[in-house]
Amino acid sequence: MAAGVATWLPFARAAAVGWLPLAQQPLPPAPGVKASRGDEVLVVNVSGRRFETWKNTLDRYPDTLLGSSEKEFFYDADSGEYFFDRDPDMFRHVLNFYRTGRLHCPRQECIQAFDEELAFYGLVPELVGDCCLEEYRDRKKENAERLAEDEEAEQAGDGPALPAGSSLRQRLWRAFENPHTSTAALVFYYVTGFFIAVSVIANVVETIPCRGPARRPPREQPCGDRFPLAFFCMDTACVLIFTGEYLLRLFAAPSRCRFLRSVMSLIDVVAILPYYIGLFVPKNEDVSGAFVTLRVFRVFRIFKFSRHSQGLRILGYTLKSCASELGFLLFSLTMAIIIFATVMFYAEKGTNKTNFTSIPAAFWYTIVTMTTLGYGDMVPSTIAGKIFGSICSLSGVLVIALPVPVIVSNFSRIYHQNQRADKRRAQQKVRLARIRLAKSGTTNAFLQYKQNRGLEDSGSGEEQALCVRNRSAFEQQHHHLLHCLEKTTCHEFTDELTFSEALGAVSLGGRTSRSTSVSSQAVGPGSLLSSCCPRRAKRRAIRLANSTASVSRGSMQELDTLAGLRRSPAPQSRSSLNAKPHDSLDLNCDSRDFVAAIISIPTPPANTPDENQPSSPGGGGGASSTLRNSSLGTPCLLPETVKISSL
Amino acid sequence: MGAVMGTFSSLQTKQRRPSKDKIEDELEMTMVCHRPEGLEQLEAQTNFTKRELQVLYRGFKNECPSGVVNEETFKQIYAQFFPHGDASMYAHYLFHAFDTTQTGSVKFEDFVTALSILLRGTVHEKLRWTFNLYDINKDGYINKEEMMDIVKAIYDMMGKYTYPVLKEDTPRQHVDVFFQKMDKNKDGIVTLDEFLESCQEDDNIMRSLQLFQNVM
């Protein structure tokens, strides 16, 4: 629990006095905490440096080393102090955590050493206060990354292991996505890369003019027209391979629709389509113009390289994410171009034989000037034109220079982020899980305590003492408080599974089977007595009756219907009013024992303290345990019950 | 005295800074330090010994260095004891029962006075305190609506996962039972005398009142 909550527990328990008039059942007796000797000062000697603190301060966090009885292992009776052979500088931070409730991270210490100290004293790293948390995490991540790099350099990284029974499809897809997993995938990867390069080079070389053999006059022809067959064969081969690859990917993709919509597949399609269109288009002059245009799309094959290079992908992603900056750049450029083109046009209007024939014609001049290219094909000749021209070039430098660093820094940020994003996500999951576990720890502790009470009632005082010793005084009192609340409201705390079971049972409707008669019989004599003996008798009766799982399920909902039956008759007289609390008392005793009966089963029979009823593991055991295991399967509760009882 | 000094200093700092930054103002308010009366006085007013008062104050001061608890902090503290459900409404009523002067904050004296009644007080005092808790509008009578609010707040603390499953009209039935027992003349409201009388007739309540004696 959080800091200082232990301080307020007495007040919370005292405030429970407010529930008393409402409680319809007698509240449970308070735990017998041995009289505290008042507060005392403890001396903690850490490697020679003495720290003194109140015992209450350390007791605030009972699940740490200093707050629990674990520190007794370090007690030195001769000197009357607790001796720890650890770093005294780090201990200061640990002790301050007890005092203030916030764990701070020392700036000048190694984060690994700090972690080790925390682990020794039983403090979870998640307790680091918000003020130091960022820095702590960053340093820890840096450390972990450095260590991870070293490790990776040592051993060849292996891809994640595939589940054994994966289909051909899944293996294919994995081979496509991570080429490093198997040799065949790697070969395929390099082969496709090679063919992409070959295809691109062929496209380029096609257009180089080759000098033909002695032709008069020596006419230069592009190589593509000189060796049409060779290029056609090469093109066909490449396209065949690309088509095969595309079809294989389509087959292996886990989600075909998503694959069809992805960018890479679109690039693939665009790369191979011109060839097929070219096949079916007849070679006449009318459409060959369009056909030639299509060939331009073959250059998109170069984008297929982005599968092979992560940097390229990141560049593409950066451009996509810098869309706003790019948009701003474009917009401001357009504005400036229009302004300056207009100005230049009107400035140069008077000159004859001028290049600035219209404003759109002046656009070309403005762009060339603003990007400081300065081809010189259009130059102003008037003085005004020259002045505005120089202003144009100066402003061009500024306008373009502004968004570029933003885009660059975006790229670098995204690149590094990409590296760390996955690691951060994993850490977050772990952190949240731990916090959830710590939070549920308190609820589980109370439910655990209730199960132990089920053991206590029937067991001897020895068992009781054993169970009790595991909980600190604070926990005992807190559980007593929760128990009082249960008694006040006549409802019990359960966990989610039992609750949903009970809900389901209620919705199924009452199955008043033969167990009705048995339990009503059991209730009869029980209502006159008030303590544990009738509970035992009832438990025996219930156990005998509920020897089958189905009946036990039925009696669970049957108890609910009993509750419904008892609630409906409105009490009229004072005497029946007095009877009603007793009824609800018995009802709850039934349910509690019933729950206890089921829960005591998972413990191994050898350790059951239930000597009076040797039939307990036998009769209701097998069936109830199957009920428990099959329907609930709460692994978190089972090992704990075994642990407690095996003491 | 401490309170006066504290508010005076905060007023001064407020005048020095004309900018009305809300966060700064809140920060200054929390700097207001309230010091309780002397140890001897508190010992005389309550049923605690000096040592007990020392332990209590140390814990209190650690939690609230400014010396006062406001309702939000109170709700948070109380919520930690009942992680299953929602303890905010009951904490609200409890806070107003503690805050006898209705200032919106609980000082150490209020805290210790209430604890003294609850832990070391006579049966009469405890019952009177409980009546005061139930009487939300502090008019000296408990009517069904007030009781309904209190009972609902208590049931809220149980949370969702209970056995048996909480039904919609459980609180109402509980209130009806309570009124059946407490309201002697059946006029729909419970006065302090009816309350004291009914509680003293009930053995369960009398026995339970002794439960929390050894909390300290």
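Residues numbered from 1 in each chain as written. Chains lettered and ligands numbered in written order. Predicted model: local features only at pLDDT ≥ 70, side-chain atom pairs only at ≥ 80, totals over all residues. Heavy atoms only, no water.

## What about the overall build of chain B?
Condition: Think of it this way: any DSSP run of H or I at least four residues long counts as a helix, any run of E at least two long counts as a strand, and we number them from the N terminus. The buried label applies to any residue whose accessible area, calculated with a 1.4 Å probe on protein chains only, is under 20% of its type's maximum; exposed applies above 50%, and partly exposed to all values in between. By the convention used here, residues are in contact when the closest approach between their heavy atoms is within 4.5 Å. The Shrake-Rupley method, run with a 1.4 Å probe, gives the accessible areas here. Residue values count only the displayed protein chains as cover.
The helix and strand tally for chain B stands at 12 helices and five strands. Taken across its 216 residues, chain B has 43% of its residues classed as buried. Pairs at least 24 residues apart make up 58% of the contacts formed inside chain B by residues separated by at least 6 positions. Element-wise, carbon and sulfur atoms account for 54% of the exposed surface of chain B, whose accessible area totals about 10,900 Å².

## Focus: the overall build of chain A
Assigned secondary structure in chain A consists of 26 helices and seven strands. Per-residue burial for chain A yields a buried fraction of 39% across its 647 residues. For chain A, restricting intrachain contacts to residue pairs at least 6 apart in sequence, the fraction spanning at least 24 positions comes to 70%. Of the roughly 35,700 Å² of accessible surface on chain A, 62% is carried by carbon and sulfur atoms.

## Points about the interface of chain A and chain B
Put simply, the rule reads: As used here, buried area is the combined drop in accessible area, with a 1.4 Å probe, of two parts when they are placed together. Take a side-chain nitrogen of Lys or Arg and a carboxyl oxygen of Asp or Glu: if they are within 4 Å of each other, that pair is a salt bridge. Throughout this description, a polar contact denotes any pair of N or O atoms lying within 3.5 Å of each other; where both atoms belong to protein, one of them has to be capable of donating a hydrogen while the other can accept it, and for residues adjacent in sequence the pair is counted only when both atoms sit in side chains. The classification used treats Ala, Val, Leu, Ile, Met, Phe, Trp, Tyr, Cys and Pro as nonpolar, Asp, Glu, Lys and Arg as charged, and all other residues, Gly among them, as polar. Following DSSP output, two strands are said to pair if at least two bridges run between them.
Across the contact, 64 residues belong to chain A and 62 residues belong to chain B. Three residues, W8, F11 and L22 of chain A, lead the burial of chain A against chain B; their summed loss comes to 13% of the area buried on that side. Inspection of the region where chain A meets chain B yields zero salt bridges. Inspection of the region where chain A meets chain B yields four residue pairs in polar contact (both at pLDDT 80 or more). Broken down by secondary-structure element, the contributors of at least two residues to the side of chain A that touches chain B are α1 (5–15), α17 (403–458), α19 (473–489), β7 (492–493), α20 (496–508), α23 (549–567) and α24 (574–599) of chain A. Looking at the side of chain A that touches chain B residue by residue, the classes come out as 38 nonpolar, 16 polar and 10 charged. As paired strands, β7 of chain A and strand β4 (residues 162–163) of chain B are joined by two bridges and run antiparallel to one another. Across the sheet, the residue bridging to E492 of chain A is Y163 of chain B, located in β4 of chain B.

## Notes on the UniProt feature "domain: EF-hand" (unreviewed entry) in chain B
All names here are of chain B. Formally: UniProt positions are given in the numbering used here, feature names are shortened, and annotations may be inferred rather than shown by experiment.
Under the local residue numbering, the UniProt record ascribes the feature "domain: EF-hand" (unreviewed entry) to residues 86–121, 122–157 and 170–205. Strand forms 8% of residues 86–121 and helix 67%; the C-alpha atoms that close the span are 29 Å apart. From the first C-alpha to the last, residues 122–157 spans 28 Å; its make-up is 72% helix and 8% strand.

## Considering the pattern of salt bridges
Pairs can form between side chains of opposite charge once their charged atoms are near each other. The full count for this structure, using the stated rule, is 21 salt bridges over all chains. The partner of E71 of chain B in a salt bridge is K75 of chain B, with the nearest N and O atoms 3.7 Å apart. Taken together, the residues span about one helical turn, with E71 of chain B and K75 of chain B both in helix α5 (residues 71–81) at a distance of four residues. Between D202 of chain B and K181 of chain B there is a salt bridge, with its nearest N and O atoms 2.8 Å apart. Separated by 21 residues along the polypeptide, D202 of chain B in the loop between α11 (192–201) and α12 (203–209) and K181 of chain B in helix α10 (residues 170–182) bring together distant segments of the chain. A residue is classified by how much of its surface remains accessible, and D202 of chain B, at 17% relative accessible area, is buried. We classify K181 of chain B as partly exposed; its relative accessible area is 26%. Residues joined in a network through salt bridges with shared partners are E245, R249, D268 and K304 of chain A.

## Quick word on the UniProt feature "transmembrane region" (unreviewed entry) in chain A
Residue and element names in this part refer to chain A. When the UniProt feature table is mapped onto this chain, "transmembrane region" (unreviewed entry) is found at residues 260–281, 326–347, 359–375 and 387–408. What you have in residues 326–347 is 100% helix and 0% strand, and the ends, taken at the C-alpha atoms, are 31 Å apart. A helix fraction of 95% and a strand fraction of 0% characterise residues 387–408, whose end C-alpha atoms lie 33 Å from each other.

## A short note on the nonpolar core
Threshold: Working definition of a nonpolar core: buried Ala, Val, Leu, Ile, Met, Phe, Trp, Tyr and Cys residues. They are joined through side-chain atoms within 4.5 Å. Source of the domain bounds: an automatic or database domain assignment.
Counting 77 residues, the largest nonpolar core has F11 and W19 of chain A together with Y78, F82, L94 and F111 of chain B as its most contacted members. Counting residues per element, this core draws most heavily on helix α9 (residues 144–158) of chain B, at nine residues. Two domains share this core, each providing at least three of its residues, namely domain 1 (48–119) and domain 2 (122–215) of chain B. V44, Y82, M90 and F114 of chain A belong to the second largest nonpolar core, which has 27 residues in total.

## Details of unusual backbone geometry
One non-glycine residue with positive phi stands out, namely C490 of chain A, at about 60°. If you trace the backbone, C490 of chain A turns up in the loop between α19 and β7. Judged by its relative accessible area of 11%, C490 of chain A is buried. The residue K186 of chain B is not glycine, and still its phi comes out positive at about 55°. By the element assignment, K186 of chain B lies in the loop between α10 and β5 (189–191).

## Focus on the packing of aromatic side chains
Here is the rule we go by: Aromatic rings from Phe, Tyr and Trp, with only the six-membered ring used for Trp, were paired whenever their centres fell within 6.5 Å, and each pair was classed as stacked if the ring planes differed by under 30 degrees, edge-to-face if by over 60, and tilted otherwise.
Taken as a whole and assessed by the stated rule, the structure comprises 39 aromatic pairs over all chains. Taking the centre distance of 6.1 Å and the plane angle of 65° together, the rings of W19 of chain A and F82 of chain B count as edge-to-face. With W19 of chain A in the loop between α1 and β1 (41–46) and F82 of chain B in the loop between α5 and α6 (88–98), this residue pair bridges two chains. Assessed through its relative accessible area of 1%, F82 of chain B is described here as buried. For the ring pair Y78 of chain B and Y90 of chain B, a centre distance of 6.0 Å and an interplane angle of 40° mean the geometry is tilted. Taken together, the residues span a long stretch of sequence, with Y78 of chain B in helix α5 and Y90 of chain B in helix α6 at a distance of 12 residues. For Y90 of chain B, a relative accessible area of 0% gives the class buried. Among the aromatic residues, those joined into a cluster by ring pairs are F51, F74, F84, F91, F120 and Y121 of chain A.

## A closer look at the packing of helix α7 (residues 108–120) of chain B against helix α8 (residues 123–134) of chain B
All names here are of chain B. Put simply, the rule is: Every axis in this analysis is a line fitted to C-alpha atoms, fitted for helices over the stretch in contact. Angles between the N-to-C directions lie between 0 and 180 degrees. Here roughly perpendicular refers to angles of 65 to 115 degrees, roughly parallel to angles under 35, roughly antiparallel to angles over 145, and oblique to all remaining angles. A clockwise turn of the near helix away from the far one marks a right-handed crossing, whereas an anticlockwise turn of less than a right angle marks a left-handed crossing.
It is at 8 Å that the axes of α7 and α8 come closest, and there the two elements cross at 125°. Comparing their axes, α8 and α7 come out oblique. Seen from above, α7 lies across α8 with left-handed handedness. Of the residues in α8, those touching α7 at A114, I117, L118 and L119 are E125, K126 and W129.

## A look at the sheet that holds strand β4 (residues 81–84) of chain A
Residues and elements named next belong to chain A. On the basis of which strands lie adjacent, the open sheet formed by four strands has the order β2-β1-β4-β3 and mixed pairing. Here the strands that pair on one side only, and so sit at the sheet edges, are β2 (49–54) and β3 (75–76). Here helix α3 (residues 88–100) sits on the sheet and contacts β1 and β2; the angle it forms with β2, its principal contact strand, is near 5°.

## Some points on the pairing of β2 of chain A
All names here are of chain A. Summarising the sheet, β1 and β2 pair through six bridges and their orientation is antiparallel. If you follow N45 over to β2, its bridge partner there is R50. Count of turn residues in the β1/β2 antiparallel hairpin: two residues, of which S47 carries a positive phi of about 50°.

## A short note on the pairing of β4 of chain A
Residues and elements named next belong to chain A. Taken together, the three bridges between β1 and β4 define a ladder with parallel strand orientation. Counterpart to V44 in the pairing with β4 is Y82. Here β3 runs beside β4; their pairing, made up of two bridges, is antiparallel. Directly across from Y75, in β4, lies its bridge partner Y82. Where β3 hands over to β4, the hairpin turn is made up of four residues, of which G80 adopts a positive phi near 70°.

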